[in-house]
Amino acid sequence: MWAAVPERARWRYRPQRSFWRHPAVRAGGVIILLAICGLLILSLVREQTGTRGFLVGLGLATLPVPLLITAFRWLDRVEPGPWRNLIFAFAWGAFAAALVAITANSFATQWIATATADPTGAESLGATVVAPIVEESAKAVAILLIFLFRRRSFTGLVDGVVVAGFTATGFAFTENILYLGNAFGEDQQIGNSGLASVTAATFFVRVVMSPFAHPLFTVLTGIGFGMAALASRRQRVRRWLLPVLGLLLAMGVHALWNGSTSLFGPYGFYAVYAAFMVPAFALLTWLAIWSRQRELRTVSAELPAYAAAGWLAETEPLALSSMRARSMAREVAGRGYGPSASRTVGEYQAFATALAFLRHRAGRGAAGPDFAEREQELLHHLWQRRDIASPALAYAARATGRVWTPPPYIDYGGYNPYKN
C-alpha cells in the first residue's frame, strides 16, 4: 500500500513564476489579442459584404458550427480537454487565422497580378498555391501554441484532432460569412432568389456538401502534433518532423481541393470530392475513433496498478475503460444524490483517465520532470471523490457486464435449474 497523500498545503504543486509568466497575465494578453483580431476581421468582412450581406452570411455560417463542435467534442469524451483550450482554438481560427489569411491572400494575389499582368492567372495561382500555404500555416499556430504551453492537456492523437478541428471550424465559420455574404450581395444586384440563387448554391457547396473540408485539412496537422506528443523526449527528430509533415500534407490536400476545377476541368470539383475527399474523411474518422478506443485500452492497462496499491477499487479500471459504464455511473450518482454527485463522478473519471495517461507516458519516457508531483496531485483528487464515485462505478461495472455476477439462487420447490 502506498503512503497516504500529504495534507493539502504540502501536496499542492505551485511552481514559482515571474509576473509575465503568470496564467492570468497570459490569458489577459491572449484575450486582448483575439478581441482586436475579431474586431478587425469582422470589420473587413462587413466592408466587403455590406451590412445585410454580413448578417445573412453570419446567420447561415452559424448553422454547421454546433454540428462540428459536437462531433469533435464527442471524440474527446475519454479525456475531455479543457474548454478554455478549445475556445481559444476556435477563436484563433475565426479571428487571428482568418485575419492573417484574408490580408496575406489579398496582398499576394495583387502582387502576382501586378507582376504577371494576368489577373485571372493570379486568382487561380492564389487560390491553388498561396491560400493553402497561408491558411494552413495560420491555423497551425493555434495547435502549436496549445502543444507548447498547454502540454499537460495535449497528450496524444485525439487531442491533436480535436484542437485542429475546433481551429478549422472557427476559420471556416468566418470564411463562410464572407462567401455567403458576397453571394447574397450578388443576388441582390441581379435579382435572384430561391433555390436558383447564388446564395443557395454557395450554401449547398460550402455548408451541406463540405462542412468538414477545412477541418479535414487542418486535422492532418493536428495528427502530426498528436503523434509528436506520443514521442519520448529522446525522439527529438520525430517530435519536430511529424508536425511539419502533417502541415505539408494539409497544405497539399488543401491545394488539391482549391485547384480541383482549374486542374481537372469543370467537373474536377465533384471528381476530387468523390474520389479523394469522401474516402479521406472516412479514413480520418476511423482513425479518430480507433484512437479513442486506444485511449480506453490505455486506461484499462494502466489503472490496475493503482487498484493493486489500494487507491482504486478492483472493479473501477473495468468501469473506467467503458464509455457505457462511465455514463451509467454518472447517471446513477445523479439519480441518487443529485447533479452535484454526477459532476463529482465525472471529475473522478477525468482525473483517473489523466492518471492513466500520465503513467503511460512515463512508461514511454515521455513524462515531464514533474511526474511525481502531478501523480500525487491526481491521486489526491481521486481520494477526495472516491466516497461518491467508487460505489457508482462499481455498480456500473456490474450492470454493464464488465464484472461477471453469478445468477441469483431461486427456490423452485426443490428443483434447481442451474444444476445439471
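This structure is a prediction, so every number in the text was calculated from the model and none was measured. (Residues numbered from 1 in each chain as written. Predicted model: local features only at pLDDT ≥ 70, side-chain atom pairs only at ≥ 80, totals over all residues. Heavy atoms only, no water.)

A. Spotlight on a nonpolar patch on the surface. There is a patch of nonpolar side chains on the surface, built from Val 237, Leu 241, Val 244, Leu 245 and Leu 248 and spanning about 460 Å² of accessible area. Mapped onto the elements, Leu 245 comes out in helix H9 (residues 236-258). (Patch = residues over 30% accessible without salt bridge, like charges linked within 9 Å, V, L, I, M, F, W, Y side chains within 5 Å. Areas by Shrake-Rupley, 256 points an atom, 1.4 Å probe, with all protein chains shown as cover. Salt bridge = Lys/Arg side-chain N within 4 Å of Asp/Glu carboxyl O. Helix = DSSP H or I, 4+ residues; strand = E, 2+ residues; numbered from the N terminus.)

B. Examining empty space enclosed by the protein more closely. What the rule picks out here adds up to two cavities of 30 Å³ or more. Lining the largest cavity we find Asp 76, Gly 81, Pro 82, Asn 85, Leu 86, Ile 146, Ser 153, Phe 154, Asp 159, Val 162 and Val 163. Within the residue set of the lining of the largest cavity, elements represented by two or more residues are helix H4 (83-116) and helix H6 (157-190). Element by element, the count of residues in the lining of the largest cavity is highest for H6, at three residues. In terms of residue class, the lining of the largest cavity is built from six nonpolar, three polar and two charged. Computed from the structure, the second largest cavity encloses a volume of approximately 50 Å³. Lining the second largest cavity, in full, are Ala 61, Pro 64, Val 65, Leu 68, Thr 169, Ala 172, Phe 173, Asn 176 and Pro 211. Elements represented by at least two residues in the lining of the second largest cavity include exactly helix H3 (64-75) and H6. When residues in the lining of the second largest cavity are grouped by element, the largest group, four residues, is from H6. Broken down by class, the residue content of the lining of the second largest cavity amounts to seven nonpolar, two polar and no charged. (1 Å grid on protein atoms, 1.4 Å probe; cavity = no way out; pocket = protein on both sides within 12 Å on 5 of 7 lines; lining within 4 Å. Points joined across faces, edges and corners; volume = space filled by probe spheres on them. Nonpolar A, V, L, I, M, F, W, Y, C, P; charged D, E, K, R; others polar.)

C. Quick look at the UniProt feature "transmembrane region" (unreviewed entry) in the chain. When the UniProt feature table is mapped onto this chain numbering, "transmembrane region" (unreviewed entry) sits at residues 24-42, 54-75, 87-113, 125-149, 156-174, 212-231, 240-257 and 269-290. With 100% helix and 0% strand, residues 87-113 has end C-alpha atoms that lie 37 Å from one another. In residues 125-149, helix accounts for 100% and strand for 0%; the two terminal C-alpha atoms are 36 Å from one another. (UniProt positions renumbered as here; feature names shortened; annotations may be inferred.)

D. Representation of the packing of aromatic side chains in the model. Evaluation of the coordinates by the stated rule reveals ten aromatic pairs. A centroid spacing of 4.8 Å and a plane angle of 45 degrees characterise the contact between Phe 212 and Phe 281, whose relative ring orientation is tilted. With Phe 212 in the loop between helix H7 (198-209) and helix H8 (213-230) and Phe 281 in helix H11 (residues 268-302), this residue pair connects regions lying 69 residues apart in the sequence. On the accessibility criterion, Phe 212 (23% relative accessible area) is partly exposed. Judged by its relative accessible area of 34%, Phe 281 is partly exposed. Centroid distance Trp 257 to Tyr 273: 6.2 Å. Interplanar angle 45 degrees. Geometry classified as tilted. Of this pair, Trp 257 sits in helix H9 while Tyr 273 sits in helix H11, and the two are 16 residues apart along the sequence. (Phe/Tyr/Trp six-rings, centres within 6.5 Å; stacked < 30°, edge-to-face > 60°. Buried < 20%, exposed > 50% of the residue type's maximum accessible area, 1.4 Å probe, protein only.)

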